[in-house]
Amino acid sequence: MSVNLVDWYKNVSAEAYVLPELPEGMLPINEYDQVHVNVSGGADSVATALVALYGYRIPKEKITLVHMRVDGDPNDKTKRQLFDWPQTDDYLEYLSKALDLPLVTIWGDMSLEERIRSRGMFPDSKCRFCTSYQKRDVYAKWVRQFNDCKILLLTGERSEESTERAAKNVFQIHSAQATGRKDRIVHWLKPIKDMLKIQVRQLIADYGIELHPCYQWVSRCSCKFCIFNTSAEMQHTSKLFPDDWEYLKQMERELGHTMKSKNGGSHSLASFINEDQISLFI
């Protein structure tokens, strides 16, 4: 008897990553009215969607892919598209069609560039306002439109990525939860927290999903000029987006603050990728 490998993987592969038991405080999966999967376009968010759909077998009509743009409204010409990958919108449309799941794209009133300028500094590892203001707060505001419902938010953080993420709980009550008159339950689960990078990539390959084009140049699908990019990755993006690269270097001069640090000192973007050897503010 022949076996369709795609169907076999859909029955087995994602199920291997279902948690053996749900965390204390969670409702049974079938009791949630809506399931929001936070998708950046990165591999971890794709794996999260696959585990939700084919592992936990959440009905498609309950799942929404939710993406937060950090550059704000792409149709607003006053907001330079400086940090979002230009390929992401098309990639997420592809993913939405491939998984047959609806996609919602949201953004805040202030772009990341505007946020940086208002604070007079770039985000860093200790103050990642690029994530907190441009993503988490934007989602929290958006989800408050829903009342009298039970919502499960799924995100793709993994312990392997950092000690900070390893220390985070796999489940928590989201800040947007509201009891009483609004009666909005918002639970937050990180279903692939224990998965390894190699498992994430294999899972995506098993289901025939293509990766975001940015993986040709960087190891993480975050901002195209991410504060965590290596020198080699920043060299790639500087060549891909030369106008934005020059604009960022000018921003550093205007703010008197650099995006990157190296060997204990703050370095201009130019020196970080060895365009020159001049370091600033050491």
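Please refer to the structure placed before this passage.
Bear in mind that the values here come from a model prediction, so they are computed numbers and not experimental data.

Draft legend 1. Layout of the nonpolar core. In this structure, F83, L248 and M259 are the most contacted members of the largest nonpolar core, which totals 64 residues. Among all residues touching M259, those that are not within four sequence positions of it are F83, F122, F225, I227, M234, L248, E252 and L269. Judged by nonpolar contacts, the second largest core, of 15 residues, contains V138, V143, A176 and V186.

Draft legend 2. Layout of the environment of R128. Note that R128 resides in the loop between helix 4 (112-119) and helix 5 (129-143). Separated by 107 residues in sequence, R128 and Q235 place their C-alpha atoms 22 Å apart. Contacts of R128, omitting those with residues within four sequence positions, involve P123, E164, R165 and F228.

Draft legend 3. Region of the structure containing the layout of surface pockets. Put simply, the second largest pocket is a space of about 250 Å³. Considering the residues around the second largest pocket, the lining is formed by S125, R128, T131, S132, R136, E157, E164, R165, K168, Q172, W188 and K190. Of all the elements in the fold, those that place two or more residues in the lining of the second largest pocket are helix 5 and helix 6 (163-167). In terms of residue count, the dominant contributor to the lining of the second largest pocket is helix 5 (3 residues). For the lining of the second largest pocket, the class distribution of residues is 1 nonpolar, 4 polar and 7 charged.

Draft legend 4. Geometry of the pairing of strand 6 (residues 184-189). Burial analysis of strand 6 places 5 of its 6 residues in the buried class, the great majority of the element. In the sheet, strand 4 (residues 149-154) pairs with strand 6 via 6 bridges, with the strands oriented parallel. The residue of strand 6 that forms the bridge with L154 is L189. Relative to strand 6, strand 5 (residues 171-173) runs antiparallel, the two being bridged by 3 bridges. Each residue of the ladder has a partner; that of F171, found in strand 6, is L189.

Draft legend 5. Representation of the packing of helix 4 against helix 5 in the model. Running from N to C, helix 4 and helix 5 cross one another at 130°; their axes reach a closest spacing of 11 Å. Comparing their axes, helix 5 and helix 4 come out oblique. In the crossing of helix 4 with helix 5, the sense of the turn from one axis to the other is right-handed. Facing L112, R115, I116 and R119 of helix 4, the residues of helix 5 in contact are F129, C130, Y133 and Q134. Of the residues contributing to the contact of helix 4 with helix 5, the split by class is 5 nonpolar, 1 polar and 2 charged.

Draft legend 6. Highlighting the pairing of strand 2 (residues 63-69). Burial analysis of strand 2 places 7 of its 7 residues in the buried class, which makes it a mostly covered element. Taking every second residue as pointing to the same face, both faces of strand 2 are buried, with I63, L65, H67 and R69 on one and T64, V66 and M68 on the other. As defined by bridge partners, strand 1 (residues 34-38) adjoins strand 2 across 4 bridges and the pair is classed as parallel. Across the sheet, residue V35 finds its bridge partner in strand 2, namely I63. Taken together, strand 1, helix 2 (residues 43-55) and strand 2 constitute a β-α-β crossover, and its handedness is right-handed. With 5 bridges joining them, strand 2 and strand 3 (residues 103-107) adopt parallel strand pairing. Directly across from V66, in strand 3, lies its bridge partner V104. Taken together, strand 2, helix 3 (residues 88-99) and strand 3 constitute a β-α-β crossover, and its handedness is right-handed.

Draft legend 7. Looking closely at the packing of aromatic side chains. On inspection of all chains with the given rule, the structure shows 8 aromatic pairs. Look at F225 and F241: their rings are 6.4 Å apart centre to centre, the planes differ by 75°, and that puts the pair in the edge-to-face class. In this pair, F225 sits in the loop between helix 7 (197-206) and helix 8 (231-240) while F241 sits in the loop between helix 8 and helix 9 (242-255), placing the two residues 16 residues apart along the sequence. With a relative accessible area of 2%, F225 lands in the buried category. Consider the rings of F225 and W245, whose centres lie 5.9 Å apart with planes at 35°: the pair is tilted. Note that F225 is positioned in the loop between helix 7 and helix 8 and W245 in helix 9, a separation of 20 residues in sequence.

Draft legend 8. Structural view of the sheet that holds strand 3. A sheet is described by the order of its strands in space; here 6 strands give the open sequence 3-2-1-4-6-5, paired in mixed fashion. The sheet terminates laterally at strand 3 and strand 5, the two strands that pair on one side only. Averaged over all neighbouring strand pairs, the angle between strand axes comes to 25°, with direction disregarded. Sheet contacts for helix 2: strand 1, strand 2 and strand 4; angle to strand 1, the most-contacted strand, approximately 155°.

Calculation notes
- Residues numbered from 1 in each chain as written.
- Predicted model: local features only at pLDDT ≥ 70, side-chain atom pairs only at ≥ 80, totals over all residues.
- Heavy atoms only, no water.
- Core = buried A, V, L, I, M, F, W, Y, C linked by side-chain atoms within 4.5 Å.
- Buried < 20%, exposed > 50% of the residue type's maximum accessible area, 1.4 Å probe, protein only.
- Contact = heavy atoms within 4.5 Å.
- Helix = DSSP H or I, 4+ residues; strand = E, 2+ residues; numbered from the N terminus.
- 1 Å grid on protein atoms, 1.4 Å probe; cavity = no way out; pocket = protein on both sides within 12 Å on 5 of 7 lines; lining within 4 Å.
- Points joined across faces, edges and corners; volume = space filled by probe spheres on them.
- Nonpolar A, V, L, I, M, F, W, Y, C, P; charged D, E, K, R; others polar.
- Pairing = 2+ DSSP bridges.
- Axes fitted to C-alpha atoms, helices over the stretch in contact; angles between N-to-C directions.
- Parallel < 35°, antiparallel > 145°, perpendicular 65-115°, else oblique.
- Left-handed = near helix turned anticlockwise from the far one by under 90°.
- Right-handed = clockwise from strand over helix to strand, strands pointing away.
- Phe/Tyr/Trp six-rings, centres within 6.5 Å; stacked < 30°, edge-to-face > 60°.

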